[in-house]
Amino acid sequence: QVQLVESGGGLVQAGGSLRLSCAASGRTFSNYAMGWVRQAPGKEREFVAHITSSGGITRYTDSVKGRFTISRDNAKNTVYLQMNSLKPEDTAVYYCAASTGRTHMQYNYWGQGTQVTVSS
C-alpha cells in the first residue's frame, strides 16, 4: 500500500510559477515510477507528466512540454512538478500517482489532489 500527499497548489497569475510536491510513504519509493495527472472542471482526467523510478526517463503531455518539469528525490520519498509560464488552461486539480513498477504508466495509487488555479 502507498500513501500519497500532495501540496503546493494555489492561485497564481498567468505567466507565474508553482511547484507541487508529493510525499510518498508505505513502500520503497525508489522501486516505482510516479506521475502527475490533472482534472479540470467538467473534463476527464488528463495525464501531465511521468518519471521512472530512477528518474532517468521523463514524459510529458504536449501541452506542458517546455513549461513543466517533473523530478524526484528518492532520499526524501518525494516527487515534484515544477510548473512555469502557467496558463489559465492549466487550472485543474492535480493528482500525484504511483505505478506498481519501475517504468510503466499504469497508476494504482492516488493522492487526494491539490487545486491549481491560474488567473488571466
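Look above for the structure.
As the structure is a computational prediction, the values presented were derived from the model and not from experiment.

Trainee: What should I look at first to understand the overall build of the protein chain in this one?
Mentor: When helices and strands are counted, the protein chain shows zero helices and 11 strands. The secondary structure elements of the protein chain, listed N-terminal to C-terminal, are β-β-β-β-β-β-β-β-β-β-β. For the protein chain, the C-alpha radius of gyration of 13 Å lies close to 14 Å, the compact-globule estimate for 120 residues. Expressed as a percentage of its 120 residues, the buried residues of the protein chain come to 46%. When contacts within the protein chain are restricted to residue pairs at least 6 apart in sequence, long-range pairs at least 24 apart make up 56% of them. Computed over 12 positive and 7 negative side-chain charges, the separation of the two mean positions in the protein chain equals 7 Å.

Trainee: Looking at this structure, how should I read the pattern of salt bridges?
Mentor: Where side chains of opposite charge bring their charged atoms close, a pairing between them can arise. What the rule picks out here adds up to four salt bridges. A salt bridge links Asp90 to Arg38; the nearest nitrogen and oxygen atoms lie 3.0 Å apart. Remark: Arg38 occurs in strand β4 (residues 34-39) and Asp90 occurs in the loop between β8 (78-83) and β9 (92-99); sequence separation between them is 52 residues. On the basis of relative accessible area, Asp90 is assigned to the buried category, the value being 1%. Among the salt bridges present, the one from Arg67 reaches Asp90, with a minimum N-O distance of 2.7 Å. Here Arg67 is found in the loop between β6 (58-60) and β7 (68-73), whereas its partner Asp90 is found in the loop between β8 and β9, with 23 residues between them in sequence. Assessed through its relative accessible area of 10%, Arg67 is described here as buried. Here the residues in one salt-bridge network are Arg38, Glu46, Arg67 and Asp90, joined through shared partners.

Trainee: Would you mind going over the pairing of strand β11 (residues 114-119) with me for this structure?
Mentor: Each regular strand displays side chains that alternate between the two surfaces of the sheet. The side-chain alternation of β11 yields one buried face, formed by Thr114, Val116 and Val118, and one unburied face, formed by Gln115, Thr117 and Ser119. The pairing of strand β2 (residues 10-13) with β11 spans four bridges and is classified as parallel. Bridged to Gly10 within β11 is Val116. In the sheet, β9 pairs with β11 via three bridges, with the strands oriented antiparallel. Paired with Tyr94 across the bridge in β11 is Thr114.

Trainee: Just to check I follow, could you spell out the state of the cysteines for this structure?
Mentor: Cysteine pairs can be covalently joined through their sulfur atoms, and such a bond is termed a disulfide. The tally for this structure, following the rule as stated, stands at one disulfide. Covalent S-S linkage joins Cys22 and Cys96, the inter-sulfur distance amounting to 2.0 Å. The sign of the -75 degrees torsion about the S-S bond sets the Cys22-Cys96 disulfide as left-handed. Highlighted residues: Cys22 in strand β3 (residues 18-25) and Cys96 in strand β9, separated in sequence by 74 residues.

Calculation notes
Residues numbered from 1 in each chain as written. Predicted model: local features only at pLDDT ≥ 70, side-chain atom pairs only at ≥ 80, totals over all residues. Heavy atoms only, no water. Helix = DSSP H or I, 4+ residues; strand = E, 2+ residues; numbered from the N terminus. Rg over C-alpha atoms; globule rule 2.2 N^0.38 Å. Buried < 20%, exposed > 50% of the residue type's maximum accessible area, 1.4 Å probe, protein only. Contact = heavy atoms within 4.5 Å. Lys, Arg positive; Asp, Glu negative; His and termini not counted. Charge placed at Lys NZ, Arg CZ, Asp CG, Glu CD. Salt bridge = Lys/Arg side-chain N within 4 Å of Asp/Glu carboxyl O. Pairing = 2+ DSSP bridges. Disulfide = S-S within 2.5 Å.

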